[in-house]
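Reading the structure
Residue strings, one per chain:
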Amino acid sequence: MNILTEQPLHVIIQDLTPAFIAYVSCQLQQATGSYNEQIRDSFQHIKDWAQQCGYDPSALKVIGIPRTNGAQLVGYECALELPESIFQDTEDIQTKQLPGGRYAILSLEKDSNTIGETIGRFFAEYVPQHQLIVDPQRPSYEVYYEHTMDFCVPIL
């Protein structure tokens with residue numbers, strides 16, 4: 001038996017406030033090489049942009065918004081939450097507001113070997129066991145911390 005299936009999932013239900021973000025969009029189906037490398041480069045690009053705008057990137061919340069087609073990851077938005085709404089869209093940096101509302105928040109270790117399996121367990125086990133209904137109108141997103149991450153799933 002896989003050791004992960006014995007680990008409890010750490011989930012809380014919480015109302016989140018809307019967040020204003022600046023982001024770089026990665027189209028992964030056209031990616032050459034590693035997705036991780038492309039995503040890492042995009043996060044560095046948005047952090048460099050934030051610093052040029054006078055922000056301290058280390059003080060900003062780091063957010064990733066995966067875009068999927070079925071189970072296939074096809075795109076990823078690498079974002080930083082900004083303290084105020086600014087509209088300085090450039091050719092590759094865009095801004096928008098992430099919607100707030102009720103979310104199921106799965107907290108997990110930032111371990112690329114287990115993230116996908118843990119998120120899969122969340123949808124296969126936790127969602128049906130707790131009779132949650134995922135809101136298809138709002139995006140799921142990831143909030144990154146030094147050693148952990150929160151996977152935020154909008155629910156009705």
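As a starting point, this report considers the structure included with it.

How each quantity is defined
Here, residues in each chain are numbered from 1, in the same order as that chain's written sequence. Local features in this predicted model are restricted to residues whose pLDDT is 70 or higher, and side-chain atom pairs enter the listing and the counts only when it is 80 or higher, whereas totals over whole chains, interfaces and linings include all residues. The basis for every side-chain value is the complete set of heavy atoms in the structure, and neither hydrogens nor water enter the calculation. By definition, any uninterrupted DSSP run of H or I lasting at least four residues is a helix, any uninterrupted run of E lasting at least two residues is a strand, and each is numbered from the N terminus. Contacts are residue-level and defined by heavy atoms, with any inter-residue pair within 4.5 Å sufficient. Surface accessibility in these figures is a Shrake-Rupley result with a 1.4 Å probe; residues are shielded only by whichever protein chains are displayed. Cavity means a closed set of points on a 1 Å grid over the protein atoms alone, one where a 1.4 Å probe fits but cannot get out, pocket means an open set with protein on both sides within 12 Å along at least 5 of 7 lines, and lining means a residue has an atom within 4 Å of a point. Grid points are joined across faces, edges and corners, and a volume is the space filled by probe spheres set on the points. Residues are sorted three ways: Asp, Glu, Lys and Arg are charged, Ala, Val, Leu, Ile, Met, Phe, Trp, Tyr, Cys and Pro are nonpolar, and all the rest, Gly among them, are polar. Between Lys or Arg on one side and Asp or Glu on the other, a salt bridge is scored when a side-chain nitrogen of the former is within 4 Å of a carboxyl oxygen of the latter. When a residue's accessible area, from a 1.4 Å probe over protein chains only, is under 20% of the maximum for its type it is buried; when over 50% it is exposed; and in between it is partly exposed. Note: two strands are recorded as paired if DSSP finds a minimum of 2 bridges between them. Fitting a line to C-alpha atoms yields each axis, with helices limited to the stretch in contact; the angle taken between N-to-C directions then spans 0 to 180 degrees.

1. Looking at the overall build of the protein
- A tally of regular secondary structure across the protein gives 2 helices and 8 strands.
- If you list the helices and strands of the protein from N to C, you get β-β-α-β-β-β-β-α-β-β.
- Long-range pairs, those at least 24 residues apart, make up 69% of the contacts in the protein with a sequence separation of at least 6.
- If you sum the accessible surface of the protein, you get close to 9100 Å²; carbon and sulfur atoms cover 48% of it.

2. Regarding the layout of surface pockets
- Put simply, the largest pocket is a space of about 1300 Å³.
- If you go around the largest pocket, you meet 37 residues; those closest to its centre are Ile 39, Tyr 76, Ile 115, Glu 142 and Tyr 144.
- The element best represented in the lining of the largest pocket is helix H1 (residues 35-52), accounting for 7 residues.
- Approximately 240 Å³ is the volume attributed to the second largest pocket.
- Taken together, 14 residues line the second largest pocket, and the ones lying closest to its centre are His 10, Ser 107, Leu 108, Glu 109 and Thr 118.
- Residue assignment for the lining of the second largest pocket shows that the elements contributing at least two residues are strand E6 (101-109) and helix H2 (115-129).
- For the lining of the second largest pocket, the element with the most residues is E6, which contributes 4 residues.
- Of the residues belonging to the lining of the second largest pocket, the class tally is 5 nonpolar, 6 polar and 3 charged.

3. With respect to the pattern of salt bridges
- As enumerated under the stated definition, the model contains 5 salt bridges in all.
- Among the ionic pairs, Glu 77 bridges to Lys 96, the shortest N-O distance being 2.8 Å. Highlighted residues: Glu 77 in strand E4 (residues 72-81) and Lys 96 in strand E5 (residues 93-98), separated in sequence by 19 residues.
- A residue is classified by how much of its surface remains accessible, and Glu 77, at 8% relative accessible area, is buried.
- Via salt bridges that share partners, Arg 67, Glu 77 and Lys 96 belong to a single interconnected network.

4. Here's the deal with unusual backbone geometry
- Phi at Gln 131 takes a positive value of approximately 50°, unusual for a residue other than glycine.
- Mapping Gln 131 onto the fold places it in the loop between H2 and strand E7 (141-144).

5. Observations concerning the sheet that holds E6
- Strand order in the open sheet made by the 8 strands is E1-E6-E8-E7-E3-E4-E2-E5, with antiparallel pairing throughout. A single partner strand is all that each edge strand has here, and the edge strands are strand E1 (10-16) and E5. Averaged over all pairs of adjacent strands, the angle between their axes in this sheet comes to 30°, without regard to strand direction.
- As judged from the 7 bridges shared by E1 and E6, these two strands associate in the antiparallel manner. What sits directly across from Ile 13, in E6, is Ala 104.
- Contacts between H1 and the sheet are confined to strand E2 (19-27), strand E3 (62-69), E4, E5 and E7, with E4 contributing the most and set at about 20° to the helix.
- In this fold H2 packs onto E1, E6, E7 and strand E8 (148-154), with an angle of close to 135° to the strand it touches most, E6.

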